[in-house]
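The primary structure of each chain is shown beneath.
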Amino acid sequence: MTKLISRDNLKKLISKVLTSFQVIAPVNENNVSFFKRISVYEQIKWEDNNPTKSPKEFFFAPSDDLFRYQMKNKNILLREPSNHHDQRIILGIRPCDMAALNILDRVFLEDGKDLLYSALRDNTLLIGQSCRTPGKYCFCSSVGINPDDSQNMDLMLTDIEKNLFLVKVVSEKGEKFFSHFSSFFQEADATNGHTPVQTKEMVDYLKRGALFNVQNINEWLNENFEHPIWSEIAAKCIGCGVCTFFCPTCHCFDISDENVVYRDSSFQGVRRRIWDSCSFDHFTKMPMHQPRPTQDRRFRQRIMHKFKYFIDRFQQGACVGCGRCRSLCPVGIDIIEVLERIHCLSYQSHGVK
Amino acid sequence: MENIYQPHIMIIDDITVETPDVKTFRLKFQDSKLESDFTFKAGQFGQYSLFGEGEATFCIASSPTRKGYIECTVKRAGKVTNAMHKLDVGDPIGFRGPYGNWFPIDQLKGKDLIFIGGGIGLAPLRSLIRNCLDLREDFGKITILYGSRSVADLVYKQELKEWENRGDINLIQTVDPGGEDSDWKGLTGFVPLVMRDIYLSSDNSVALTCGPPIMIKFVIQGLDSMGFSPTQIITTLEMKMKCGLGKCGRCNIGKYYVCKDGPVFTYAQIYELPNEF
Amino acid sequence: MITLLQAKTWELLQQKEVSLILGYGEFSRKINNGPEQRIISPIFITKPEETSSLVWNDRCVFNLSTYLTGKEVKAHHKVAIMAKGCDIKSICVLIQENQIKREDLIIIGLTCQGVIGDKERPKAEKCDSCQLKTPHIYDILIDSAEAQTKKLNQVEKKVESKNCVNPVQEKFDRMDKMNPQDRWQYCLDQFSKCIRCYACRQVCPLCYCEKCITDKSTPQWIEKSPLLPGNLSFHIMRAFHLTGRCVDCGECERACPMNLPLTTLNKKMAQVVKDMYHYESGLKTDEEPLFGSFQLEDEESFIK
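This structure is a prediction, so every number in the text was calculated from the model and none was measured. (Residues numbered from 1 in each chain as written. Chains lettered and ligands numbered in written order. Predicted model: local features only at pLDDT ≥ 70, side-chain atom pairs only at ≥ 80, totals over all residues. Heavy atoms only, no water.)

A word on the domain arrangement of chain C
Interfaces are often sized by the amount of accessible area the parts lose when they come together. Residue and element names in this part refer to chain C. What counts here: Domain ranges listed in this record stem from an automatic or a database domain assignment. The criterion used for residue contact is that any of the two residues' heavy atoms lie within 4.5 Å. What gets called buried area is simply the loss in accessible area from a 1.4 Å probe that two parts show on being joined, summed for both. When a carboxyl oxygen of Asp or Glu lies within 4 Å of a side-chain nitrogen of Lys or Arg, that pair is called a salt bridge. Nitrogen and oxygen atoms within 3.5 Å of one another constitute a polar contact, given that in protein one can donate a hydrogen and the other can accept it, and given that sequence-neighbouring residues count only through two side-chain atoms. Segments assigned H or I by DSSP are reported as helices when at least four residues long, segments assigned E as strands when at least two residues long, and all are numbered from the N terminus.
On domain assignment, one finds that chain C holds domain 1 (2-152) and domain 2 (167-303). Taken together, the contact between domain 1 and domain 2 spans 24 residues of the former and 28 residues of the latter. Between domain 1 and domain 2, roughly 2,300 Å² of surface is buried when both sides are summed, and carbon and sulfur atoms account for 55% of that area. Here Glu97 makes a salt bridge to Arg245, at a shortest N to O gap of 2.7 Å. Along the contact surface separating domain 1 from domain 2 lie nine residue pairs in polar contact (both at pLDDT 80 or more). Those elements that place two or more of their residues in the side of domain 1 that touches domain 2 are helix H3 (85-96) and helix H4 (125-128).

A look at the domain arrangement of chain B
Residue and element names in this part refer to chain B. Rule in force here: Each residue is assigned to one of three groups, with Ala, Val, Leu, Ile, Met, Phe, Trp, Tyr, Cys and Pro labelled nonpolar, Asp, Glu, Lys and Arg labelled charged, and all others, Gly among them, labelled polar.
For chain B, the assigned domains read domain 1 (8-99) and domain 2 (105-236). Domain 1 and domain 2 are separated by 24 Å when their C-alpha centres are compared. Contacts between the two partners involve 22 residues from domain 1 and, on the opposite side, 16 residues from domain 2. For the interface between domain 1 and domain 2, the tally reads two salt bridges. Arg126 serves as the salt-bridge partner of Glu71, at 2.7 Å between the closest nitrogen and oxygen. Inspection of the region where domain 1 meets domain 2 yields ten residue pairs in polar contact (both at pLDDT 80 or more). Looking at the side of domain 1 that touches domain 2, the elements with two or more residues in it are strand E1 (8-19), strand E2 (22-29) and strand E5 (70-75). Of all the elements, E5 adds the most residues to the side of domain 1 that touches domain 2, at four residues. The residue makeup of the side of domain 1 that touches domain 2, split by class, is ten nonpolar, seven polar and five charged.

Digging into empty space enclosed by the protein
Residues and elements named next belong to chain A. Condition: Only protein atoms enter the calculation, which uses a 1 Å grid: trapped sets of points that fit a 1.4 Å probe without letting it out are cavities, open sets showing protein on both sides within 12 Å along at least five of seven lines are pockets, and any residue with an atom within 4 Å of a point is a lining residue. Grid points are joined across faces, edges and corners, and a volume is the space filled by probe spheres set on the points.
Under the defined criterion, the tally for this structure stands at 17 cavities of 30 Å³ or more. When its volume is computed, the largest cavity comes out at roughly 200 Å³. Taken together, 19 residues form the lining of the largest cavity, with Cys237, Cys243, Arg302, Cys329 and Ile333 sitting closest to its centre. Sorting the residues of the lining of the largest cavity by element identifies helix H8 (242-246), helix H9 (295-314) and helix H10 (324-328) as the ones contributing at least two each. It is H9 that contributes the most residues to the lining of the largest cavity, four residues altogether.

Structural notes on the sheet that holds strand E3 (residues 79-84) of chain C
Residues and elements named next belong to chain C. Spelled out, the test is: Pairs of strands are assigned from DSSP output, requiring at least two bridges between the strands. To define axes, lines are fitted to C-alpha atoms, for helices over the stretch in contact only, and angles between the resulting N-to-C directions are given on a 0 to 180 degree scale.
With mixed pairing, five strands are arranged side by side in an open sheet as E2-E1-E3-E4-E5. Of all strands in the sheet, those with a lone pairing partner are strand E2 (37-45) and strand E5 (140-142), marking the two edges. Each neighbouring strand pair of the sheet contributes to a mean axis angle of 35°, computed without reference to strand direction. Bridging between strand E1 (residues 20-29) and E3 involves three bridges; their strand directions are parallel. Bridge pairing in E3 places Ile21 opposite Ala80.

Here's the deal with a nonpolar patch on the surface
Formally: A residue counts toward a patch only above 30% relative accessible area and without a salt bridge, and it is joined to like-charged neighbours within 9 Å or, for Val, Leu, Ile, Met, Phe, Trp and Tyr, to nonpolar neighbours within 5 Å. Note on areas: Shrake-Rupley with a 1.4 Å probe; residue coverage comes only from the protein chains shown.
Taken together, the side chains of Trp184, Ile236 and Phe240 of chain C make up a nonpolar region of the molecular surface, amounting to roughly 320 Å² of accessible area. The topology assignment puts Trp184 of chain C in helix H7 (residues 180-191).

Points about the interface of chain A and chain B
Tallying the contact residues gives 46 residues for chain A and 44 residues for chain B. Each partner contributes to the roughly 3,900 Å² buried at the junction of chain A and chain B, and carbon and sulfur atoms together form 55% of this total. Inspection of the chain A/chain B interface yields eight salt bridges. The partner of Asp261 of chain B in a salt bridge is Arg313 of chain A, with the nearest N and O atoms 2.9 Å apart. Here chain A is connected to chain B by 28 residue pairs in polar contact (both at pLDDT 80 or more). The set of elements that each furnish at least two residues to the side of chain A that touches chain B consists of strand E4 (63-72), strand E5 (75-79), helix H2 (95-109), strand E11 (253-263), strand E12 (266-275) and H9 of chain A. Among the elements that line the side of chain A that touches chain B, the one with the most residues is H9 of chain A, at seven residues. The residue inventory of the side of chain A that touches chain B, partitioned by class, reads 21 nonpolar, eight polar and 17 charged.

See below:
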């Protein structure tokens, strides 16, 4: 089902739903764009591309309370965290960040369901947006995602004129939302087809296609756990967590007891799940043993996890081509350069396929 | 539906001081329903919580045949283990588990078993040894080669004595050179070297080994040269873990998560793994 | 200019005077809205023939001395490093603090008219007050003034017309003038945004601790969660730990993906140190580190 909505009506719609939903949308503060809960429509900063920070923190926060505890006279009392059950709408997520939810879903919903994550997924309506122009560093088309992919969205907005969006009602949830607020939408003209706006850059981007072949990369990784390329590329890696923290699919975490307050013979505290990164030395470090003692091993883990281990386990890759790691790395490590080199090496080792 | 990160409350029932820095804790469920429902298999592990400190991963060192309690053997090393060593009988501890796979005990039936342990690495083997001893007639010859850095570092001393006195176990104990004391009646030498001097037949037998990574490495080499096939060698691997559920992403060796696909691996499987453990 | 750099480094490797050169290389990066982008990035060179990839221009913003304390670099018996005056200041501190030996290092000093900052700043902030356009310590000097100035002038002109003030200096002045309550609130607002990626710490040449206090767990001084309590402790602790040491290379703020005003705290500490002890870090290798020395006349009014 497709409908139309004007920018004015979208504004009215959002202002209306702000009274009954938490609305999360792209904003820009300190020259950094990110998703944030807004209180008025005007806070939204519509940009052509992905915000610097991905929306993953709204499903898997940098720090989540797992449960609280209170110890009194050797008696432990456990309490569930005050959970986020408010209905939420996240507005303006792009197809790549939406595709990233597939990866998080596999991890957190399968084989031992993470209730926190699943509650946040269930109580969120996702109004996504297709891309009219590629971001400077994007490469979604190289990892099998289209800039107008509507997967995981409930509704998808597509620019068709300056102030008019085509609205694709994708899911049942989206349909329910639409029928509740149908007065804000108008019928799409069946004969007119409504061509989405595409910049010249987008046309070129789509024409160029994939920069590398994920299958070839995967096969090469199968055979090249040991290879000089790892230390060559990772030599300049400083071991910070920028690439992993800004990645919409990276999901590794630590568990830690925090906010522990002692009073007389009793104490209370909270156990938290906290973002962690395979780039950090302490990630795998045990008191007597460190299986990944050097940065090249940690760097290899990141590439292997995305383009081999995750595929081995879940039959899908764990990179959505959003390009954030490329643009934010403080020392200019470029995953495209890495993948293109691997792509070339795979041709060298197997001949032209 | 339950919160997968929330532990069950257990009460410390007994504490055994094994060595100056190793203690064994016997834990009982606070909830009697949980206690009667709880089952596990030898080789599995759990996440033990010290509220206010955090969680740590230990294998279950008691036998699944002995119901009503679990035991864990803990070396004092980090934040959680240090705090754990300060606990007394009656104190609560959180437990999540059992997690991971287990020793293939059904496939071991009718076979001669060779256990090769080093230091605190005897703990997971102990679970299986005791399991096998409770079902003694199901298994062939049982050989246990156990070594540690010094006499003081031998764990389960009481049990070692009992095993020694049983007629149906061949127990060989050794300590690293320099670790012996004047009363020491066992052998002196590193486990992989001692192993070469005793006759171990690969015929209808399975070797199970656990200990420091370097010991495991040389033990496997030794077994290999004695004609043990890769599927006849079983070990447990250790990686840093946080969730135990295959989610937190840190215990992988190649595509395997040690917490889900391990900790028990055959050498045939390990051979396929990237060298990063 | 480039050829002299390349010739000198070639010679160093060829004659086995050093086994590694830490330098700047130029790489191309594929982007979607134009031709390939030429970017500068650190490069590790071990073979003489690779020295042709070395460049020196006004986009060489990185302080390469951060790599000097890394395991991989320390494994080399002797290394050469390309360093601007500001970078040499942190090398100085590393020598002062016995992290590296002067004799294990060949400093390829670069005369510099300023480098282009990140995030559309005309010139890196540190360049404004730079006193070390010609480095104070070096073994080989690469003079590049002419080629560099030309390019920077163009950028500056463009920016002047936009009437742009130096954002870091502006932030510093603004914060310095605030009353304590406002300043505290400003800090809370800013540091609540920190996501604890530790890019600031990892990129910092003087954050070389084997194990940072944030990673220590027995006892756990600083909470790991990227929430205000831990964030504040971390950043304040870091500022204290860099007091009398920070050379204001600005790398932390450049690396910060959340655009936090990280150098502000360090600048303030440097100013205090200068006022109280007439000490400026990174100028001499044979000077005692500020916190490693004591004089009877030292100011101690802060002890209460």
